[in-house]
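Report on the structure
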Amino acid sequence: MSIKRHIPNLITLLNLLCGTIAVIFAVQGSLIMAAIFVAGGIFFDFFDGLAARSLNVSSDIGLQLDSLADVVTSGVVPGIVMYQLLDNALPGNSGVENTGWEVNPGWWDWNFNTIALIGLLICLASAYRLAKFNVDDRQTDSFIGVPTPANALLILSFPLILTYQPDSFLTGLILNEWFLIAVTLLSCYLLNAEIKLFALKFKNWGFADNKVRYFFLLLCLVLILVFQFVAVPLIILSYVILSVVFPKKEEEVH
């Protein structure tokens with residue numbers, strides 16, 4: 001049995017490992033560490049597909065495993081992070097700390113803000129989006145709806161902005177419960193919307209065939225240099241706008 005056929009799946013499992021570690025940090029409220037491990041998972045998520053194509057060892061198992069890993073890294077983690085942000089923003093936040101198994105002896109008791117559970121809708125929408133992706137043959141060269149890694153980066157950018165770019169306006173906006181609920185509902189919609197978005201897959205390096213991709217990458221670089229972590233929401237917004245304004249006109253691949 002060839003070892004190379006297992007390399008992409010091993011990379012995918014590294015994505016899953018990063019995602020599970022990020023879950024632990026997110027539950028503990030260590031949102032910066034959660035963001036770091038999500039970024040690592042997304043890095044591996046990019047290279048597992050690249051490895052499969054380069055080694056010509058794509059498989060149905062790899063496709064399913066990739067989505068399962070993404071459910072955790074790019075679905076569960078941003079959902080928990082949104083829960084934590086809402087819990088912090090809502091009046092009377094719980095501020096729960098894990099101090100042992102005997103904190104609440106009654107199984108019917110809970111000490112978390114139930115309204116903040118709205119953030120977990122991101123987990124559900126992400127899982128549904130990934131399930132659709134696996135059975136949708138229209139998404140070979142483009143995406144229908146915002147990809148889960150892009151949505152995860154959007155949500156994870158909020159604690160990074162709060163920590164490293166503190167600003168009275170941005171802090172007040174991000175920690176506003178109505179803003180967070182609106183972002184949650186909007187991200188759930190965009191994940192599954194029938195909006196065709198271009199993929200950063202280059203069939204060739206010609207400018208004519210890839211001008212939107214080149215412009216987007218240049219725009220990303222400029223936004224990151226100017227706005228740092230604030231650039232992430234701007235990049236996601238630009239990605240959607242560019243895809244809508246310049247819809248893909250290439251012939252369908254059959």
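Since we're looking at a predicted model, the values are computed, not measured.

Check the secondary structure of the chain and you find 9 helices and 2 strands. The secondary structure elements of the chain, listed N-terminal to C-terminal, are α-α-α-α-β-α-α-α-β-α-α. Considering only contacts in the chain between residues 6 or more positions apart, those separated by 24 or more positions represent 75%.

A separate point is unusual backbone geometry. Glycine aside, a negative phi is what most residues show, and trans is what most peptide bonds show. Even without glycine at this site, Gln228 takes up a positive phi of about 55 degrees. Along the polypeptide, Gln228 turns up in the loop between α8 (207–227) and α9 (231–245).

What follows is about helix α4 (residues 121–135). With 15 residues, α4 extends 22 Å between its outermost C-alpha atoms, agreeing within 8% with the 21 Å of an ideal straight helix rising 1.5 Å per residue. Buried residues along α4 sit in contact with α3 (60–89), β1 (142–144), α5 (148–164) and α7 (177–192).

Attention now goes to the side chain of Thr184. Relative to the assigned elements, Thr184 resides in helix α7. Note on Thr184: relative accessible area 0%, which makes it buried. Looking at Thr184, its side chain comes within polar contact range of the main-chain oxygen of Leu180, at 2.9 Å. Once you skip the residues sitting within four places of it in the chain, Thr184 turns out to touch Met82, Ile118, Gly119, Leu121 and Ile122.

Structurally, Ala22 can be placed in helix α1 (residues 7–28). For Ala22 and Pro78, which are 56 residues apart along the polypeptide, the C-alpha to C-alpha distance reads 9.6 Å. When neighbours within four sequence positions are excluded, Ala22 is seen to be in contact with Ala34, Phe37, Val38 and Val77.

Calculation rules
- Residues numbered from 1 in each chain as written.
- Predicted model: local features only at pLDDT ≥ 70, side-chain atom pairs only at ≥ 80, totals over all residues.
- Heavy atoms only, no water.
- Helix = DSSP H or I, 4+ residues; strand = E, 2+ residues; numbered from the N terminus.
- Contact = heavy atoms within 4.5 Å.
- Expected span 1.5 Å × (residues − 1).
- Buried < 20%, exposed > 50% of the residue type's maximum accessible area, 1.4 Å probe, protein only.
- Polar contact = N/O pair within 3.5 Å; in protein donor to acceptor, adjacent residues only side chain to side chain.

All quantities given are derived from atomic positions and should not be read as evidence of function.
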